[in-house]
Amino acid sequence: MSGGATRRAALFGGFCLCCLPRLGLAAESLSMDEVAPGIFIRRGPDAEATPANADGIANIGFIVGRDGVLVTESGGSLTDGQWLRAEIAKRTDKPIRFVMLTHVHPDHVFGAAAFRGDNPTFVGHAALRGALDARGAFYRQRLAEILGEDKAGEVVYPTMEVKDRAEIDLGGRVLRLTAHGSAHTSCDLSMLDTGSGLLFPADLLFVGRIPSLDGSLRGWLGEIERLKGMGAAKAVPGHGPTLVDVAPAFADLTRYLSALRDETRKAVADSVPIESAVRTVAQGEKDRWALFDTYNGRNVTQAYQELEWE
């Protein structure tokens, strides 16, 4: 391995470590918003995962149909998933039929074990199994170190894999699923509720909290256009407010990712070392995003590795 490659590996750490527990802010008080009839969402705090918040930092929730319930995100740990399951029980006694595993990051999948007893269909991208094989054990180890073995949860694999598109009918409520190309991660899954018209892009849409790039920068920009083409006016982002207007939310994300792309390309063209690029690229976005200093350098590293071989 060359010296440059070694430095890149040291900076990047081999794969994304985003959303792993570390010291940070305490969780905000937990509540659920009914963003549309029968759709309940909890906003995750714009903070890193901690023992206090049990990695409950993503927007999670559920959709109620005539025949059953779909969990939109399982939560970031067994504790977080158990909290969500209790919230569902407060609002409906209908069976939990489906649990979405929208991508590999721990804050979105480690609550899944809380729903095993319901015997639901666990739904994920066709590439999720491979991503969990590569990272799941490591993610779980880190969660257990911070939260404790009894709170961390476990790796749960999808029992329904989406390769392109699929539909789920909850009874009078049809959900359209889309498997995306490499973007935020290599295994992003989005969902459109045809009844309410709400889009659930998961972490293909960050609002207020800086995005974490763990797939393909060029791919993410392309998938944003695909999501916009679905025609939804409102969306439930993976992080940020529980309900947002699609157009301005994607405009903000596109602005950041475009700055990341264009300034990284310039750094590569000017032979700026990656160690310097991580300190200079996209700094004009600093005041627009929570946790900018935590994630922007990682994003630049990922972008540099992708764009230097264009």
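Heads up: the structure comes first, above all this text.
Figured I'd write up the structure that's included with this text. (Residues numbered from 1 in each chain as written. Predicted model: local features only at pLDDT ≥ 70, side-chain atom pairs only at ≥ 80, totals over all residues. Heavy atoms only, no water.)

## Topic: the overall build of the chain
Part 1 of the argument: Helix and strand counts for the chain stand at 9 helices and 13 strands.
Part 2 of the argument: Taking the principal axes of the C-alpha coordinates as reference, the chain spans close to 60 × 45 × 35 Å.
Part 3 of the argument: Residues classed as buried in the chain amount to 56% of the 310 residues present.
Part 4 of the argument: In the chain, once contacts between residues fewer than 6 apart in sequence are set aside, the share between residues at least 24 apart is 70%.
Part 5 of the argument: For the chain, the accessible surface area stands at approximately 12,200 Å², while carbon and sulfur atoms represent 51% of it.
Part 6 of the argument: Within the chain, one finds 34 positive and 40 negative side-chain charges whose respective centroids are separated by 1 Å. (Helix = DSSP H or I, 4+ residues; strand = E, 2+ residues; numbered from the N terminus. Buried < 20%, exposed > 50% of the residue type's maximum accessible area, 1.4 Å probe, protein only. Contact = heavy atoms within 4.5 Å. Areas by Shrake-Rupley, 256 points an atom, 1.4 Å probe, with all protein chains shown as cover. Lys, Arg positive; Asp, Glu negative; His and termini not counted. Charge placed at Lys NZ, Arg CZ, Asp CG, Glu CD.)

## Observations regarding the pattern of salt bridges
Part 1 of the argument: If you walk through the whole model with that rule in mind, you get 28 salt bridges.
Part 2 of the argument: Here Asp67 and Arg66 are joined by a salt bridge, their closest N and O atoms 3.2 Å apart.
Part 3 of the argument: The exposure class assigned to Asp67 is partly exposed, which follows from its relative accessible area of 38%.
Part 4 of the argument: Residue Arg66 is classed as exposed on the basis of its relative accessible area, which comes to 56%.
Part 5 of the argument: The salt bridge involving Asp270 is made with Lys266; its shortest N-O contact spans 2.7 Å.
Part 6 of the argument: Judged by relative accessible area, which is 54%, Lys266 ranks as exposed.
Part 7 of the argument: Overlapping salt bridges, with partners in common, bring together Asp164, Arg165, Glu223 and Arg226 in one network. (Salt bridge = Lys/Arg side-chain N within 4 Å of Asp/Glu carboxyl O.)

## Digging into the nonpolar core
Generally speaking, a soluble globular protein has its nonpolar side chains buried in company with each other.
Part 1 of the argument: Counting residues in hydrophobic clusters, the biggest one holds 37 residues, and the most contacted among them are Leu205, Trp220, Phe250, Tyr256, Leu257 and Leu260.
Part 2 of the argument: Taken together, the elements giving at least two residues each to this core come down to strand S11 (199–206), helix H6 (217–228), helix H7 (246–269), helix H8 (274–280) and helix H9 (292–307).
Part 3 of the argument: Per element, the largest residue contribution to this core is 8 residues, and it comes from H7.
Part 4 of the argument: Leave out the neighbours within four places in its chain, and Leu257 touches Leu217, Trp220, Leu221 and Ile224.
Part 5 of the argument: Phe40, Tyr139, Ala144 and Ala152 belong to the second-largest nonpolar core, a separate cluster that totals 33 residues. (Core = buried A, V, L, I, M, F, W, Y, C linked by side-chain atoms within 4.5 Å.)

## Section: the sheet that holds strand S13 (residues 244–245)
Part 1 of the argument: Taken together, the 6 strands give an open sheet; going across it, the order is S8-S9-S10-S11-S12-S13, and neighbouring strands pair in mixed fashion. The open sheet has two free edges, formed respectively by strand S8 (165–169) and S13, since each of these has just one partner strand.
Part 2 of the argument: Where strand S9 (residues 174–179) lies against strand S10 (residues 189–193), 5 bridges are found, and the strand directions are antiparallel. Following the sheet pairing, Leu175 is matched in S10 by Asp193.
Part 3 of the argument: The strands touched by H6 are S8, S9, S10 and S11; relative to S11, the strand with the most contacts, the crossing angle is about 155°.
Part 4 of the argument: Seen against the sheet, H7 touches S11, strand S12 (234–239) and S13 and runs at an angle of roughly 25° to S11. (Pairing = 2+ DSSP bridges. Axes fitted to C-alpha atoms, helices over the stretch in contact; angles between N-to-C directions.)

## What to know about the sheet that holds strand S3 (residues 60–64)
Two modes of strand pairing occur in sheets, parallel and antiparallel, and in both the strands are linked by backbone hydrogen bonds.
Part 1 of the argument: Strand order across the open sheet formed by 7 strands is S1-S2-S3-S4-S5-S6-S7, with mixed pairing between neighbours. Two strands bound the open sheet, and with one partner strand each, they are strand S1 (33–36) and strand S7 (160–162). Geometrically, the sheet is characterised by an average inter-axis angle of 25° between neighbouring strands, direction not taken into account.
Part 2 of the argument: Of the strand pairs in this sheet, strand S6 (residues 121–125) and S7 are connected by 3 bridges, and their pairing is parallel. Each residue of the ladder has a partner; that of His125, found in S7, is Val162.
Part 3 of the argument: Seen against the sheet, helix H2 (residues 78–91) touches strand S2 (39–42), S3, strand S4 (69–73) and strand S5 (96–101) and runs at an angle of roughly 30° to S3.

## Digging into the pairing of S9
Part 1 of the argument: Bridge analysis of S8 against S9 gives 5 bridges, and the strand direction is antiparallel. If you follow Arg165 over to S9, its bridge partner there is Thr178.
Part 2 of the argument: Here S8 folds back onto S9 in antiparallel fashion, the turn holding 4 residues, of which Gly171 has a positive phi close to 100°.

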